[in-house]
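Chains, contacts and geometry: an overview
Given next are the chains, with one letter for each unit.
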Amino acid sequence: ADDFTLFIRLICAMQRKGRQQMPQAPPSSGKLGKLAPLLDDDDARSVCSVQTGICQQALNSTPVASVQNDPKDVKKMFKMFTETMRRGRDFYVMKGDGTLHDVECKLKRGHDEFLMIFEGQHRDIPLKDIVHIRTCHEARKLGLGFAVDERCATVELQSGECITFKF
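Residues numbered from 1 in each chain as written. Predicted model: local features only at pLDDT ≥ 70, side-chain atom pairs only at ≥ 80, totals over all residues. Heavy atoms only, no water.

What follows covers the pattern of salt bridges. Under the counting rule described, the total for this entry stands at nine salt bridges. Between D149 and K166 there is a salt bridge, with the nearest N and O atoms lying 3.1 Å from each other. Of this pair, D149 sits in the loop between α5 (136-140) and β6 (152-157) while K166 sits in strand β7 (residues 162-166); the two residues are 17 residues apart in sequence, bridging distant segments of the chain. Taken together, the salt bridges that share partners define one network made up of K108, E113 and D124. (Salt bridge = Lys/Arg side-chain N within 4 Å of Asp/Glu carboxyl O. Helix = DSSP H or I, 4+ residues; strand = E, 2+ residues; numbered from the N terminus.)

Written as structure tokens, this is what we have:
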């Protein structure tokens, strides 16, 4: 749960940073459109690449007990996490009454949306709508109405809705 919290926080932080640093290009009639400025950047290796320094900063500022405290190891684990999440992974989501429901979760290709698939329904959550990812200790203070433990992480959305995952 702590690693999930750390990695989703990293992805959200990168998305915010990317939106802030994205140069405003004039409208293009070419096929590349908005991607043209990104392709001109020789340093851009992937849409979701993280620098070791960013990992270190996240480790220093995040109250999670990650399995790894070395930023280089976190960077490797982050890459594996994003690759796994692109393919999809099953998690449990806790409902308001504390019952668990099996949900498949994925990151969309551009790493800008979190997709949840459950009971034949799809829900896209833009990462920009995620206000905070909370550890179990932080989530307890929210008074969600059910018990959370060390295997839980809670996603807080701009709408005020909270989604608690159990691993």
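Moving on, we come to the packing of aromatic side chains. Scanning all chains against the criterion turns up nine aromatic pairs. Both rings, one in F4 and one in F165, keep their centres 5.5 Å apart while their planes meet at 55°; by these two values the pair is tilted. Of the two residues, F4 is situated in helix α1 (residues 2-21) and F165 in strand β7; the sequence distance between them amounts to 161 residues. Of the two residues, F4 and F165, both sit in the buried class. Judged by centre distance (4.9 Å) and plane angle (50°), the rings of F4 and F167 are tilted. Linking F4 in helix α1 with F167 in the segment after β7, this pair joins segments that are 163 residues apart in sequence. Given a relative accessible area of 6%, F4 falls into the buried group. (Phe/Tyr/Trp six-rings, centres within 6.5 Å; stacked < 30°, edge-to-face > 60°. Buried < 20%, exposed > 50% of the residue type's maximum accessible area, 1.4 Å probe, protein only.)

Another point: the sheet that holds β6. Strand order in the open sheet made by the seven strands is β4-β3-β2-β1-β7-β6-β5, with antiparallel pairing throughout. Among the strands making up the open sheet, the edge pair consists of β4 (121-126) and β5 (130-135). The mean inter-strand angle of the sheet, taken between neighbouring strand axes irrespective of direction, is 35°. The pairing of β6 with β7 spans five bridges and is antiparallel. Across the sheet, residue C152 finds its bridge partner in β7, namely K166. In the packing of helix α4 (residues 71-87) onto the sheet, the strands contacted are β1 (89-94), β2 (100-107) and β3 (113-118), and the crossing angle to β2 comes to about 110°. (Pairing = 2+ DSSP bridges. Axes fitted to C-alpha atoms, helices over the stretch in contact; angles between N-to-C directions. Contact = heavy atoms within 4.5 Å.)

Counting residues in hydrophobic clusters, the biggest one holds 29 residues, and the most contacted among them are F4, F7, C105, F114, M116, I130 and F165. Looking at this core, the elements that each hand over two or more residues are α1, α4, β1, β2, β3, β5, β6 and β7. Per-element accounting of this core gives the leading share, eight residues, to α1. Apart from the residues lying within four places of it in its own chain, the contact partners of M116 are V93, V103, E104, C105, Q121, H122, R123, I125, I163 and F165. Membership of the second largest hydrophobic core comes to six residues, among which are M94, C136, A139 and V148. (Core = buried A, V, L, I, M, F, W, Y, C linked by side-chain atoms within 4.5 Å.)

It is worth spelling out a positive patch on the surface at this point. On the surface, K79, R86, R87 and R109 cluster together to form a positively charged patch. R86 sits in the partly exposed class, given a relative accessible area of 37%. (Patch = residues over 30% accessible without salt bridge, like charges linked within 9 Å, V, L, I, M, F, W, Y side chains within 5 Å. Areas by Shrake-Rupley, 256 points an atom, 1.4 Å probe, with all protein chains shown as cover. Lys, Arg positive; Asp, Glu negative; His and termini not counted. Charge placed at Lys NZ, Arg CZ, Asp CG, Glu CD.)

Direction of pairing for β3 relative to β4: antiparallel, over a ladder of six bridges. Counterpart to F118 in the pairing with β4 is Q121. Counting the residues between successive antiparallel strands, the hairpin from β3 to β4 contains two residues, one of them, E119, with a positive phi of roughly 45°.

A separate point is the confidence of the model for the chain. On average, residues of the chain score 77 in pLDDT, and 68% of them reach the 70 mark or higher. The spread of mean pLDDT over the elements of the chain runs between helix α2 (residues 36-39), the lowest at 40, and β2, the highest at 96. Across residues 22-48, confidence stays below pLDDT 50; counting only partners more than four residues off in sequence or on other chains, it has 13 contacts. (pLDDT = per-residue confidence, 0-100.)

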